[in-house]
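Secondary and tertiary structure notes
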There are 4 protein chains.
Amino acid sequence: MAESLAASFEAVRQRTEALCSPLNIEDYIPQAVEFASPPRWHLAHVTWFFETMILQKYQPDYQVFHEDFNFLFNSYYQSAGERAVRAQRGVMTRPTVDEVYQYRHYVDQHMIAFLSQPLTDEVSALVTLGLNHEQQHQELLLMDLKYVFSLNPLFPVYDADKNLVADHNTQQGWLSFGEDLYTIGYQGDGFCFDNEVSPHKVYLQDFEISKSLVTNGEYLEFIEAGGYQQFNHWLDEGWSWVQANEIRAPLYWHKIDGEWFYYTLAGLKKLDPESIVCHVSYYEANAYAAWKGCRLPTEFEWEAASGALDWGTRWECTSSPYQAYPGFCISEGAVGEYNGKFMINQMVLRGGASVTPAGHSRPTYRNFFHPQMRWQFSGIRLVK
Amino acid sequence: MAESLAASFEAVRQRTEALCSPLNIEDYIPQAVEFASPPRWHLAHVTWFFETMILQKYQPDYQVFHEDFNFLFNSYYQSAGERAVRAQRGVMTRPTVDEVYQYRHYVDQHMIAFLSQPLTDEVSALVTLGLNHEQQHQELLLMDLKYVFSLNPLFPVYDADKNLVADHNTQQGWLSFGEDLYTIGYQGDGFCFDNEVSPHKVYLQDFEISKSLVTNGEYLEFIEAGGYQQFNHWLDEGWSWVQANEIRAPLYWHKIDGEWFYYTLAGLKKLDPESIVCHVSYYEANAYAAWKGCRLPTEFEWEAASGALDWGTRWECTSSPYQAYPGFCISEGAVGEYNGKFMINQMVLRGGASVTPAGHSRPTYRNFFHPQMRWQFSGIRLVK
Amino acid sequence: MAESLAASFEAVRQRTEALCSPLNIEDYIPQAVEFASPPRWHLAHVTWFFETMILQKYQPDYQVFHEDFNFLFNSYYQSAGERAVRAQRGVMTRPTVDEVYQYRHYVDQHMIAFLSQPLTDEVSALVTLGLNHEQQHQELLLMDLKYVFSLNPLFPVYDADKNLVADHNTQQGWLSFGEDLYTIGYQGDGFCFDNEVSPHKVYLQDFEISKSLVTNGEYLEFIEAGGYQQFNHWLDEGWSWVQANEIRAPLYWHKIDGEWFYYTLAGLKKLDPESIVCHVSYYEANAYAAWKGCRLPTEFEWEAASGALDWGTRWECTSSPYQAYPGFCISEGAVGEYNGKFMINQMVLRGGASVTPAGHSRPTYRNFFHPQMRWQFSGIRLVK
Amino acid sequence: MAESLAASFEAVRQRTEALCSPLNIEDYIPQAVEFASPPRWHLAHVTWFFETMILQKYQPDYQVFHEDFNFLFNSYYQSAGERAVRAQRGVMTRPTVDEVYQYRHYVDQHMIAFLSQPLTDEVSALVTLGLNHEQQHQELLLMDLKYVFSLNPLFPVYDADKNLVADHNTQQGWLSFGEDLYTIGYQGDGFCFDNEVSPHKVYLQDFEISKSLVTNGEYLEFIEAGGYQQFNHWLDEGWSWVQANEIRAPLYWHKIDGEWFYYTLAGLKKLDPESIVCHVSYYEANAYAAWKGCRLPTEFEWEAASGALDWGTRWECTSSPYQAYPGFCISEGAVGEYNGKFMINQMVLRGGASVTPAGHSRPTYRNFFHPQMRWQFSGIRLVK
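What you are looking at is a predicted structure, and each value in this text was computed from that prediction instead of being measured.

1. Some words on the nonpolar core
Counting residues in each nonpolar core, the largest one holds 212 residues, and the members touching the most others are Tyr 219 and Ile 380 of chain A together with Tyr 219 and Ile 380 of chain D. With sequence-adjacent residues up to four places away left out, Ile 380 of chain D is seen in contact with Leu 213, Val 214, Tyr 219, Val 277, Val 280, Ala 285, Tyr 288 and Leu 296 of chain D. In this structure, Leu 5 and Tyr 365 of chain B together with Cys 20 and Leu 119 of chain C belong to the second largest nonpolar core, which totals 205 residues.

2. Here's the deal with the packing of aromatic side chains
Counted under the stated rule, the structure contains 140 aromatic pairs over all chains. Following the ring pairs from residue to residue traces out a cluster consisting of Tyr 219, Phe 222, Tyr 228, Trp 234, Trp 253, Trp 260, Tyr 288 and Trp 291 of chain A. Arg 89 of chain C extends its terminal NZ or CZ atom over the ring of Trp 41 of chain C, reaching a point 3.6 Å from the ring centre. When the ring centre of Trp 174 of chain C is taken as reference, the NZ or CZ atom of Lys 384 of chain C above it lies at 4.2 Å.

3. Observations concerning the interface of chain C and chain D
For interface size, the figure often reported is the accessible area lost on association. In this assembly, 30 residues from chain C lie in contact with 30 residues from chain D. Approximately 2,500 Å² of surface area, both sides summed, lies buried where chain C meets chain D, with 58% of it carried by carbon and sulfur atoms. At the junction of chain C with chain D, the criterion picks out two salt bridges. Here Lys 341 of chain D ties to Asp 236 of chain C by a salt bridge, and the two come within 4.0 Å at their closest N and O atoms. Taken together, the links from chain C to chain D amount to eight residue pairs in polar contact (both at pLDDT 80 or more). When residues of the side of chain C that touches chain D are traced back to their parent elements, those giving at least two are β3 (200-204), α7 (236-244), α8 (282-291) and β8 (314-321) of chain C. The class makeup of the residues in the side of chain C that touches chain D is 15 nonpolar, nine polar and six charged.

4. Quick notes on the relation of the copies chain C and chain D
Mapping chain C onto chain D is achieved by rotating through 180 degrees and translating by 0.0 Å along the same axis, at an RMSD of 0.0 Å. What the rotation and shift describe, once combined, is the action of a two-fold rotation axis. For chain C, the smallest separation between a C-alpha atom and the rotation axis is recorded for Asn 345 of chain C, amounting to 2.4 Å. With an isologous cut-off of 70% or more, the 100% of interface residues of chain C that recur at the interface of chain D puts this contact in the isologous class.

5. Here's the deal with the sheet that holds strand β5 (residues 253-256) of chain C
Residue and element names in this part refer to chain C. The strand order β5-β6-β7 describes an open sheet built from three strands, whose pairing is antiparallel. At either margin of the open sheet sits one strand with a lone partner, and together these are β5 and β7 (267-270). Shown here is a sheet whose adjacent strand axes are inclined to one another by a mean of 35 degrees, direction ignored.

6. Topic: the relation of the copies chain A and chain D
Rotating chain A by 180 degrees and moving it 0.0 Å along the rotation axis overlays it on chain D with an RMSD of 0.0 Å. By residue overlap, the copies meet face to face through one surface: 100% of the interface positions of chain A are interface positions in chain D.

7. Quick look at the side chain of Ser 275 of chain C
Residues and elements named next belong to chain C. Position of Ser 275 among the secondary structure elements: in the loop between β7 and α8. By relative accessible area, which is 0% here, Ser 275 ends up buried. Only 3.1 Å separates the side chain of Ser 275 from the backbone nitrogen of Asp 167, close enough to count as a polar contact.

8. Things to note about the side chain of Gln 323 of chain D
Considering the arrangement of structural elements, one finds Gln 323 of chain D in the loop between β8 (314-321) and β9 (347-352). Reaching out from Gln 323 of chain D, the side chain makes a polar contact with the backbone oxygen of Ser 319 of chain C at a distance of 2.6 Å. Every residue in contact with Gln 323 of chain D, bar those within four places of it in the chain, is listed here: Ser 319 and Pro 321 of chain C together with Met 343 and Arg 366 of chain D.

9. Remarks on the pairing of β8 of chain C
All names here are of chain C. Most of β8 is tucked away, with eight of its eight residues classed as buried. Covered by surrounding structure in β8 are Arg 314, Glu 316, Thr 318 and Ser 320 together with Trp 315, Cys 317, Ser 319 and Pro 321, the residues of both alternating faces. Where β8 meets strand β11 (residues 378-379), two bridges bridge the pair, whose relative direction is parallel. The partner of Glu 316 across the bridge, within β11, is Gly 379.

10. Focus on the sheet that holds strand β7 (residues 267-270) of chain A
Residues and elements named next belong to chain A. Read across the sheet, three strands follow the order β5-β6-β7 without closing on themselves; strand pairing throughout is antiparallel. The open sheet has two edge strands with one neighbour each: β5 (253-256) and β7. Going across the sheet, the axis of each strand differs from the next one's by a mean of 35 degrees, ignoring polarity. By the bridge criterion, four bridges tie β5 to strand β6 (residues 259-264) in an arrangement that is antiparallel. Following the sheet pairing, Ile 256 is matched in β6 by Glu 259.

11. Some remarks on the domain arrangement of chain A
Residues and elements named next belong to chain A. According to the domain assignment, chain A contains domain 1 (2-150) and domain 2 (174-379). For domain 1 versus domain 2, the distance between C-alpha centres works out to 27 Å. Between domain 1 and domain 2, the contact holds 24 residues from the first and 28 residues from the second. Carbon and sulfur atoms make up 67% of the surface buried where domain 1 meets domain 2, a total of about 2,500 Å² over both sides. Three residues, Glu 139, Met 143 and Lys 146, lead the burial of domain 1 against domain 2; their summed loss comes to 28% of the area buried on that side. Where domain 1 packs against domain 2, one counts zero salt bridges. At the boundary of domain 1 and domain 2, one finds eight residue pairs in polar contact (both at pLDDT 80 or more).

Criteria and cut-off values
- For every chain, the first residue of its written sequence is number 1, and the numbers climb from 1 along that sequence.
- Here the convention is simple: chains get letters from A, ligands get numbers from 1, in the order in which they are written.
- Note on the predicted model: pLDDT of at least 70 is required for a residue's local features to be given, and 80 or more for side-chain atom pairs to be given and counted; whole-chain, interface and lining totals, by contrast, use all residues.
- Hydrogens and water are ignored here; the side-chain numbers use all heavy atoms of the structure.
- Each nonpolar core is a collection of buried residues, namely Ala, Val, Leu, Ile, Met, Phe, Trp, Tyr and Cys, held together in the definition by side-chain atoms within 4.5 Å.
- Exposed residues in this analysis have more than 50% of their type's maximum accessible area, buried residues have under 20%, and partly exposed residues fall in between, with area computed by a 1.4 Å probe over protein chains only.
- Throughout, a residue-residue contact means that at least one pair of heavy atoms, one from each residue, lies within 4.5 Å.
- Centres within 6.5 Å make a pair out of two Phe, Tyr or Trp rings, where for Trp the six-membered ring is used; the pair is then stacked when the planes are under 30 degrees apart, edge-to-face when over 60, and tilted otherwise.
- Any Lys NZ or Arg CZ found within 6 Å of a ring centre and within 35 degrees of that ring's normal is scored as a charge over the ring.
- Defined in terms of a 1.4 Å probe, buried area is the accessible area two parts forfeit on being brought together, summed over both.
- By definition, a salt bridge exists where a carboxyl oxygen of Asp or Glu is found within 4 Å of a side-chain nitrogen of Lys or Arg.
- Two N or O atoms count as a polar contact when they lie within 3.5 Å, although within protein this holds only if one can serve as hydrogen donor and the other as acceptor, and sequence-adjacent residues are included solely when both atoms are side-chain atoms.
- Secondary structure elements are taken from DSSP: a helix is a run of H or I of four residues or more, a strand is a run of E of two residues or more, and numbering for both begins at the N terminus.
- Note on residue categories: nonpolar means Ala, Val, Leu, Ile, Met, Phe, Trp, Tyr, Cys or Pro, charged means Asp, Glu, Lys or Arg, and polar means any other residue, Gly included.
- Least squares is the method for superposing the copies, and the C-alpha atoms it fits come from residues with pLDDT of at least 70 in both.
- Pairing between strands is defined by DSSP: at least two bridges between the two strands are required.
- What counts as an axis is a line fitted to C-alpha atoms, over the stretch in contact for a helix, and the angles between N-to-C directions run from 0 to 180 degrees.
- Domain segmentation is taken from an automatic or database assignment of domains.

In structure tokens form, the structure reads like this:
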């Protein structure tokens, strides 16, 4: 068991560095907006998790790599003490990228030694949490990088082979589900986050759910029908958001000389109408569904239907606000700050995206974002 | 039926004016913050509803009182056309208060004549909606007036006899409810809002709900235990709100020379520790519950328990985000903008307050506010 | 001397009330923006000056009218203690308008008695300052009232006989002045503000100054030539201001169905091309002058030329930042806060407007506003 | 003449790169605040000036290095076309630092060839302007770098040998100047900026000017006497700035365990009381002077006295707003945007700082900043 944990540790840690291999030193630094972080920070922060939560607590005589790093690379764990202002992550040029890699390798060495010892279940669970945490940051790293690159008029290419939004539907039609009690929440014995338990019954009405996600071409019809100009499709705050930000299309779409393009991690591409629409906010997903005379699934409907769906190329907007499941209980200490304190004003997304690490998600996984956010790889599935 | 509707019409309309009887002309004008409106505007807006939604549509040859009033007194009904900027309601001094009363009386006259005719069910329903709408504004009028008055260093008295926050609990202890399917939503044949239907089954786990609401004295213990200084009780956005706004106590509380007072509609009063705490935000209610090792009820738990509760002195914070019930369908036209478009980023409150018009609320009634709001007469009931 | 001061006192005090005679109670209340104040506040604040600066200091046994009024009606005199937040002047409905008039009359009575006694020069000077202060607020009252009324879609009429922007030039052509030393600053023995002294020599180059002010028709040519769309006429911060606020014309101008109107204190009127342009910011005045290949006068040029100019219908924008004259010395106490502390980021305007009380201004008078402000009755005179 | 211009060109261009020699790639990227720019941008922008203003206009067949660079590296020259948003200079990671150096060397090569030809006076003047422009950016580069580094809790060292704020006074006492006409403005035949001409007479009153600049020790007395807590020393907007930003000391000062330190380009150092105070805003300089019963010099007094002063370690705050000299005329085209359009809301500083390139400043040189700015190396000289 400890051996396979060590193997997982090495695999996850190496994948993070592999994701950075196309980057120049310059690319590690900028923070374009407060909600995005620089690659340099992601690399260090996930390492900080292992150093602070594991090595400092459970490895006797462990010497911290640098005493200022707790301050610099803590994200939001108030229990772990003071931390640098979030908005200034892009201002820090020291420690350098090279020093951050040294930090990673120092912690890796100690972690690998640590993982060769017999571990308590509690510690194993914490290491597993750290690996899932790092996987989340792998996806955030790509999201944040795409956002920063998209602001550059040169539209930089991250990886020419990966057109990370060119996914097509494999199924069509609708699936029907009957009014019934369904059990929701993680019931396996592997890892899951604290927000996925405990399993509990939810009563659902009849619903039909689409086997396909909305495509760029379908979404374009909404745009061309004036969807962004008609208040009646929109939630009131969504309509204010559209007007205040002059939203006219999904994030990363550009109309150039009358033709639609979109920025992808493979550079600027002509819009593929068959590809699944990506980078829409909850407001847009909800407005599109209203315009179609449909609605979005609740997260419970989605979970109930998930076994019959082909999912995993987009995070799918649900109509469920992010709330605690019955019996949800916040853990003691810093780990307890992982999920519970964000349960307000955010909407649940289910499924997973092409940028989500393989094996990271599952049918009970609950992702969440504020309703105006759209730098995540989000898509739309309809229910009627 | 039409006769009793006419009687209701007169009663509701007169009560609005009675609520304004303690006011000076000056008091009708100011708008202290964007979310509050001046009495002058409330008086005209509820009248506008009857003129625009009923008389202009269903009374042939009706002459509008003043052609600019649709623009001036529309609140948020985009279907009803352009409207004055919400934030500038307090800037308007014309039409004068006297002219607004003339407008009321002109519309009243025409409405009374109109109501003496046989009405279709559709029109009756619309008039009833207008009366419930006016009752909502009766409560808003008191909320807004209290807010404006509270900013005046003279702490004006609205009505010396009404200490509108001095309500005490009549019951103590806990009620237990068993895991089961409960039916939620309005099932009667009287009026209800579109957000209360259709009735549907919800599966609830075991829960115990308090028979009493949290008192000022109990809440003071939270304050004195440092509740506003400890991040771990708070949702992340709640903690930011506390810090950004230097929140240290419920709205309207003042610590003067070491002693607690609160502003009421009867003026500044010494804090009554036995009285039920009022004017707390969802963030505060949630933090208080966490500090007590309890939680807030969901709106479904509240509704299931409501028959056994003594409710109606405070709007009770629930942990339920304001969302559509299964099968919720937005009506056509302006009336359809009543509820549905606000179903984002708001939390449901259940019950009713001492300032809520008698008979206006019911066990299925769903009130809603943003989680930072606290000028409503809100209180806290715990669940464990 | 004391007798004439008493007569002046009564005249000035009565004129303030006369200016309010067309108002309804409602009109006394609103504050549309932070820089404008309600009539109710102006009435009380100028009275506060006499109570606080004169009666409380120099009249033994004087009983203040109400102990909270110092807090409520102090404007910015930090030496005089705490004061209500400026932005909330429009929120206060108590003391009522009637009580404010009672306050005025109470203070008037005591002042008139006080002024019947022999006064020291120091006290006489202070009373005279108070009267000049009240005259400044008479003009502010009209400026602020016009601003609030202009936001009302009904375009209320303050006084149908006063079209307060319909002034025409009486002279044409240019005046030449030779390079020389000129003496600047007040040299008489009447009242002047501390910012007008001491007189001192200023060396001026040759200049020619226009005998007429720019008219609406001339300014319209600038608009129609695209003046608001061409960055090169504008100061950098002026250009940002134009773009951020979508400025397209002077304040109060409205283009309705292709025709220009402007709001005046006599209501909405068709633009008179012969009338002198009004309500332009320094940015606009400067851009207009640049577009004409001219420039604005310095305040010293204006003063040197003033004897030969017909001035007094508009405050004339000068290119001089508001700074201290050589030897300027801030007085002790609250009176010292009158002028000196505002000597940053503001531009001097010279002359006077049709809304300026008769006899209030003089050739050495220095008015001042921030460069983006335009609710004052400002106009443009060119120099080449 | 052309030969010495070529030599100057090479010297200035090399110095810019020498200033960057202590930097890591990471350090070239961040932009901490909108008013500061990344080293990478400075390096490219000064090069853009030569490419756009010289080579593209005067060198036939010149091929631009990259067609997007005009967009990316234009600063504020609206005449030169569209430009990237200023606030996002820190977001750009491409072109890379290496590519920016290639750009520099490409332009250098072409400029050196271009300068070997006979040049018109107009072109020579433009090249000289470009070199002075680059020298200004050399100083900005150090200012901006210091600002970014100062936000890093590690307090990075730019150059351990350069304690760039440890300058001491060499003279003490006061110099007297008599009331007289003085000639102000550049009268030599070398280079000067358009804002330094034309020379003109200014009449000054008697004044005495200090031979020394205010030291850290002297400024500390102001702090310890409560200078930052007493409104009466401050301009009104200065006092608001102090309170809104909780200003308690000059920029870069830190009180650690009761002892004062300051951040310098050589790292964090213990405060040297003998060293000349640095990084004060106009508001602070003005308040300090008021507290001492003195005032700041006008820029004309400073210039009149400059021959007798030992200046050049700090930019010296003057009480003069930045305005045009008599006869100031804005040049045609992009070069005309250099100075004139900033003549509003800024204050003149005279002299020069230890970070100012040798030979760049002169007695008539007019530097300028907004009154709240203090990342420039500014100091205080008193007048009485």
